Amino acid sequence: PVYGMSILGDDEIVVCDPVVFGSILRQEGKFPIGAAEGVSTFTDYYKENNLTMAMRGASNGPEWWEWRDSLNADMFAAWDTYMPAIAETCRKISDVAGYEVSENIAFVDFISRAAFDMFETVMYGS
């Protein structure tokens, strides 16, 4: 359920087990690092277009924590509604993973696309 990989030259730990992930989220420090903070594609665009609310979600510190904390109730309260949909998306991803990674696409690109599919499942419900 936990493994390491290099993403764009940075070593990362990936947590796949939702129970472990939930436990980590509940034990974060006062101002944990925002996941999107290091993605300059987002932060540069937000700054250039004065998207202050979006910038709060791609930063760190007190403003980021306030923004992120406002999502926690929805993340955990709705757990039972979106986790089955994510599990179904993951099942579909798993069905093609072996072939796709060995024949068509690099693993890091496949994982990136899989993460997007899971995100889209939550956002659009399918």
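Everything quoted here is computed from the prediction, not taken from an experiment.

**Q** Looking at this model, I keep getting lost on the packing of helix H5 (residues 79–103) against helix H6 (residues 107–124). Mind explaining?
**A** When two helices pack together, their arrangement is given by the angle between the helix axes and the distance between those axes. Packing of H5 against H6 leaves a shortest axis separation of 9 Å and a crossing angle of 155°. By the criterion of interaxial angle, the relationship of H5 to H6 is roughly antiparallel. Two packed elements cross with a definite hand, and for H5 against H6 that hand is right-handed. Listed contacts from H6 to Tyr 82, Ala 85, Ile 86, Thr 89, Cys 90, Ile 93, Val 96, Ala 97, Glu 100 and Val 101 of H5 are Phe 107, Phe 110, Ala 114, Asp 117, Met 118, Thr 121 and Val 122. The residue inventory of the contact of H5 with H6, partitioned by class, reads 13 nonpolar, 2 polar and 2 charged.

**Q** For this particular structure, what's the right way to read a nonpolar patch on the surface?
**A** Taken together, the side chains of Phe 116, Phe 119, Val 122, Met 123 and Tyr 124 define a hydrophobic patch exposed on the protein surface, amounting to about 580 Å² of accessible area. With respect to the element layout, Val 122 can be found in helix H6. On the basis of relative accessibility, which here comes to 37%, the residue Val 122 falls in the partly exposed class.

**Q** Before we go on, may I ask you to explain H5 in this structure?
**A** In an α-helix, one turn spans 3.6 residues, which is why side chains three or four residues apart end up on the same side. In this model H5 runs 35 Å from its N-terminal to its C-terminal C-alpha over 25 residues, within 8% of the 36 Å that 1.5 Å per residue would give. The axis of H5 is deflected most strongly, by about 50°, at Ala 97. Within the span of H5, buried status applies to Tyr 82, Ile 86, Thr 89 and Ile 93.

**Q** Where do I start with the pattern of salt bridges in this structure?
**A** Two side chains with opposite charge may pair up if their charged atoms get near one another. Enumeration over the complete set of coordinates arrives at 3 salt bridges. Ionic pairing is found between Glu 88 and Arg 91, a salt bridge with its closest N-O pair at 2.7 Å. Placement of the pair is Glu 88 and Arg 91 together in helix H5, with a separation of 3 residues, close to one helical turn. The exposure class assigned to Glu 88 is partly exposed, which follows from its relative accessible area of 34%. Each of the salt bridges in this network shares a partner with another, and the network as a whole consists of Glu 88, Arg 91 and Asp 95.

**Q** Got a minute to help me understand the environment of Tyr 46 in this structure?
**A** Here Tyr 46 is to be found in helix H2 (residues 40–48). Considering only alpha carbons, one finds Tyr 46 and Ala 58, 12 residues apart in sequence, at a separation of 8.9 Å. Residues in contact with Tyr 46, not counting those within four places in the same chain, are Leu 51, Ala 54, Met 55 and Ala 58.

**Q** Explanation requested: H6 in the structure shown.
**A** Given a rise of 1.5 Å per residue, 18 residues ought to cover 26 Å, and the 25 Å separating the end C-alpha atoms of H6 matches this to within 8%. Those residues of H6 that sit buried are Phe 110, Ala 114 and Thr 121. Taken end-on, H6 shows its buried residues confined to a sector of 40°, consistent with a single buried face. Looking at H6, the residues exposed on the side facing more than 90 degrees away from the buried face are Met 123 and Tyr 124. On its buried face, H6 is in contact with H5. Phi for Gly 125, located one or two positions after H6, is positive at around 75°.

**Q** Is there a simple way to think about the side chain of Thr 43 in this case?
**A** Checked against the element boundaries, Thr 43 lands in helix H2. A relative accessible area of 7% means that Thr 43 is categorised as buried. With residues near it in sequence (within four places) discarded, Thr 43 still touches Ala 36, Glu 37, Met 55 and Ala 58.

Reading the values: the criteria
Note on numbering: residues in each chain are counted from 1, in written sequence order. The model is predicted, so local features are restricted to residues of pLDDT at least 70 and side-chain atom pairs to those at 80 or more, both for listing and for counting; the totals for chains, interfaces and linings are taken over all residues. Values shown for side chains rest on all heavy atoms present in the structure; no hydrogens or waters enter the calculation. Convention adopted: a line fitted to C-alpha atoms gives each axis, helices being fitted over their contacting stretch, and angles between N-to-C directions are expressed from 0 to 180 degrees. Note on conventions: DSSP H or I runs of at least 4 residues are helices, E runs of at least 2 residues are strands, and numbering of each starts at the N terminus. Angle categories: roughly parallel below 35 degrees, roughly antiparallel above 145, roughly perpendicular from 65 to 115, and oblique for all the rest. By the definition used in this description, the sense in which the near helix is turned from the far one sets the handedness, with an anticlockwise turn below a right angle giving left-handed and a clockwise turn giving right-handed. Note on contacts: a residue pair qualifies if any of its non-hydrogen atoms lie within 4.5 Å across the two residues. Gly is placed with the polar residues, together with every amino acid not listed as nonpolar (Ala, Val, Leu, Ile, Met, Phe, Trp, Tyr, Cys and Pro) or charged (Asp, Glu, Lys and Arg). Patches here: salt-bridge-free residues with over 30% relative accessible area, like charges joined within 9 Å, nonpolar side chains (Val, Leu, Ile, Met, Phe, Trp, Tyr) joined within 5 Å. Computed by Shrake-Rupley with a 1.4 Å probe, the accessible areas treat only the displayed protein chains as cover when residues are assessed. We count a salt bridge whenever a side-chain nitrogen from Lys or Arg sits within 4 Å of a carboxyl oxygen from Asp or Glu. Throughout this description, buried means an accessible area under 20% of the type-specific maximum (1.4 Å probe, protein chains only), exposed means over 50%, and partly exposed covers the range between. Helix span is expected to be 1.5 Å times the residue number reduced by one. Bend is the name given here to the angle between axes fitted to two runs of seven residues, the run ending at a residue and the run starting at it. Here the arc refers to the directions that run from the helix axis out to each C-beta atom.

Read these as geometric descriptors, not functional statements.
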